[in-house]
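# Results of the structural survey
Letter by letter, the chains look like this.
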Amino acid sequence: METANLTVAATGVALPLGSEACSISPSPGGVSGSTPGGAALPGREPPFSVFTVLVVTLLVLLIAATFLWNLLVLVTILRVRAFHRVPHNLVASTAVSDVLVAALVMPLSLVSELSAGRRWLLGRSLCHVWISFDVLCCTASIWNVAAIALDRYWTITRHLQYTLRTRRRASALMIALTWALSALIALAPLLFGWGEAYDARRQRCQVSQEPSYAIFSTCGAFYLPLGVVLFVYWKIYKAAKLRFGRRRGAVLPLPATVQVKEAPCEAKMVFTARRPGVAFQMSGDSWREQKEKRAAVMVGILIGVFVLCWIPFFLAELISPLCACSLPPIWKSIFLWLGYSNSFFNPLIYTAFNKNYNNAFKSLFSKQR
């Protein structure tokens, strides 16, 4: 990913706010939008402005919150035996990738951005390790979102055929494919000599600038899983619409007893002649239908947040080489960290729609006290 600078025009202070991280498609020729020396005065290091301190503080808080929240999800899944099954193994895989993003990718990205002129001062070996983990973890996080969406889709539309045994096999296969594909994309430059990440002369550390690798990695890391999640959401929407239409057109059978009925989705009051009294029956959604509705809503929000977080950056990375233009550095930085923030939102979304996680969190903290 191309590094970007966030320039405070009012004060003349430049804060590098970009990273090579998670960037799969660099700009042509590796040209950076920064000014030499970070736009600082010759021979002087730029002072930290209030705006710079505020931005760095927010990014540090984002890193810490992403790491701690995903770690809490992992600890909960490991300690609660009821979570040792699908779909929680998919959630655990997502949490692992997001924890690694917060622990290995984001901190080094922030260090690189804060260095003068965005120079990489940590050596060639660490550069390769960082870039590899960057592409590996971000790609795995994106594909894990697609795997969760697929699992929920099959649960909703094929709940009779998609048994627990089948679900275990499918989830294990999706997890294996997710990490294998992510490793292939991340290690391809090192294994096959597909470009170089470290430039010793300019002290730069960035994803391989080879155009063929940029196309391969960008499609494999984002556009292909994007197509998967959009297809899944469309199919879930169609299935829900079809089921709702069938329910509206269905004719409810009348029992032998005399009954007074209210609206279709409200409580029905049944009078029985044999036994005095009033019995209430609910003609609303069944337990399975309510569960499927929550799963559909969760998938919709998960996909929506995923698209909003990542598509601005990858659209910019795709359009810039085609039109031979470049976005202002501040927008590149915003798009970059917006993509990183998806690792923070993931655990919030799939735990907010599961009461078992909330109860597990409460019991976990109560036991610690």
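Please read all numbers here as calculations on a predicted model, not as lab measurements.

The next thing to look at is the packing of aromatic side chains. Taken as a whole and judged by the stated rule, the model has 18 aromatic pairs. With 4.4 Å between their ring centres and 0° between their planes, Phe222 and Phe314 make a pair best called stacked. Of the two residues, Phe222 sits in helix α5 (residues 211–249) while Phe314 sits in helix α6 (residues 287–323), which places them 92 residues apart along the sequence. A relative accessible area of 0% means that Phe222 is categorised as buried. You can call Phe314 buried: its relative accessible area is 1%. A ring pair is formed by Tyr357 and Phe361, whose centres lie 6.2 Å apart and whose planes are at 45°; its orientation type is tilted. Pair noted here: Tyr357 and Phe361 are both in helix α9 (residues 355–368), with a separation of four residues, about one helical turn.

If you walk through the whole model with that rule in mind, you get one disulfide. Here Cys127 pairs with Cys205 through a disulfide, and the sulfurs are 2.0 Å apart. Taking the torsion about the sulfur-sulfur bond, which here is approximately 100°, the covalent link between Cys127 and Cys205 counts as right-handed. Residue Cys127 is located in helix α3 (residues 124–157), and its partner Cys205 is located in strand β4 (residues 204–205); the two are separated by 78 residues in the primary sequence. Judged by its relative accessible area of 2%, Cys205 is buried. The closest cysteine sulfur to the non-disulfide-bonded Cys137 is located on Cys138, 6.8 Å from its own sulfur. Residue Cys137 is classed as buried on the basis of its relative accessible area, which comes to 0%.

The next subject is the confidence of the model for the chain. Across the chain, pLDDT averages 75, with 71% of residues at or above 70. Contacts from residues 1–21, a stretch scored under 50 in pLDDT, to residues over four places away or in other chains number 95 contacts. The low-confidence segment residues 25–45, where pLDDT is below 50, has 34 contacts with residues more than four positions distant or belonging to other chains.

Each packed pair of helices is defined by two parameters, the angle between the axes and the distance between the axes. Closest axis-to-axis distance for the helix α1 (residues 50–79)/helix α2 (residues 88–114) pair is 9 Å, and the angle between their directions is 155°. Judged on the interaxial angle alone, α2 and α1 are roughly antiparallel. Between α1 and α2 lies a crossing whose hand is left-handed.

Turning to α3, a few remarks are in order. The terminal C-alpha atoms of α3, which comprises 34 residues, lie 50 Å apart, in line with the 50 Å expected from a rise of 1.5 Å per residue. Extensive coverage of α3 is indicated by the burial of 26 of its 34 residues.

Our focus in this paragraph is the packing of α3 against helix α4 (residues 164–192). The contact between α3 and α4 brings their axes to 8 Å, and the two run at 155°. Relative to α4, the element α3 is oriented roughly antiparallel. Crossing geometry of α3 relative to α4 is assigned as right-handed. Split by residue class, the contact of α3 with α4 holds 16 nonpolar, seven polar and three charged.

Turning to a nonpolar patch on the surface, a few remarks are in order. On the surface, Leu104, Val111, Leu122, Leu126, Val129 and Phe133 cluster together into a nonpolar patch covering about 440 Å² of accessible area. Among the elements that make up the nonpolar patch, the one with the highest residue count is α3 (three residues). Here Phe133 lies in helix α3. Assessed through its relative accessible area of 32%, Phe133 is described here as partly exposed.

Within the secondary structure, Ser171 sits in helix α4. Here the side chain of Ser171 touches Asn89 through a polar contact of 3.0 Å, side chain to side chain. Among residues more than four places away in sequence, those in contact with Ser171 are Val86, Asn89 and Leu90.

What follows deals with the pattern of salt bridges. Summed over the entire model, instances satisfying the criterion amount to two salt bridges. Two residues, Asp151 and Arg152, come together in a salt bridge whose shortest N-O distance is 3.2 Å. Overall, the relative accessible area of 0% leaves Asp151 in the buried class. Asp151 is paired through a salt bridge with Arg167; the nearest N and O atoms lie 2.9 Å apart. Placement of Asp151 in helix α3 and of Arg167 in helix α4 is noted, with a sequence separation of 16 residues between them. Look at Arg167 and you get buried, because its relative accessible area is 14%.

To continue, consider the nonpolar core. Grouped together as the largest cluster of nonpolar side chains are 75 residues, with contacts concentrated most on Val73, Met106, Ile131, Phe306, Trp310, Trp337 and Tyr340. Considering every element that reaches this core, the biggest residue donor is α3, with 17 residues.

Conventions used here
- Residues numbered from 1 in each chain as written.
- Predicted model: local features only at pLDDT ≥ 70, side-chain atom pairs only at ≥ 80, totals over all residues.
- Heavy atoms only, no water.
- Phe/Tyr/Trp six-rings, centres within 6.5 Å; stacked < 30°, edge-to-face > 60°.
- Helix = DSSP H or I, 4+ residues; strand = E, 2+ residues; numbered from the N terminus.
- Buried < 20%, exposed > 50% of the residue type's maximum accessible area, 1.4 Å probe, protein only.
- Disulfide = S-S within 2.5 Å.
- pLDDT = per-residue confidence, 0-100.
- Contact = heavy atoms within 4.5 Å.
- Axes fitted to C-alpha atoms, helices over the stretch in contact; angles between N-to-C directions.
- Parallel < 35°, antiparallel > 145°, perpendicular 65-115°, else oblique.
- Left-handed = near helix turned anticlockwise from the far one by under 90°.
- Expected span 1.5 Å × (residues − 1).
- Nonpolar A, V, L, I, M, F, W, Y, C, P; charged D, E, K, R; others polar.
- Patch = residues over 30% accessible without salt bridge, like charges linked within 9 Å, V, L, I, M, F, W, Y side chains within 5 Å.
- Areas by Shrake-Rupley, 256 points an atom, 1.4 Å probe, with all protein chains shown as cover.
- Salt bridge = Lys/Arg side-chain N within 4 Å of Asp/Glu carboxyl O.
- Polar contact = N/O pair within 3.5 Å; in protein donor to acceptor, adjacent residues only side chain to side chain.
- Core = buried A, V, L, I, M, F, W, Y, C linked by side-chain atoms within 4.5 Å.

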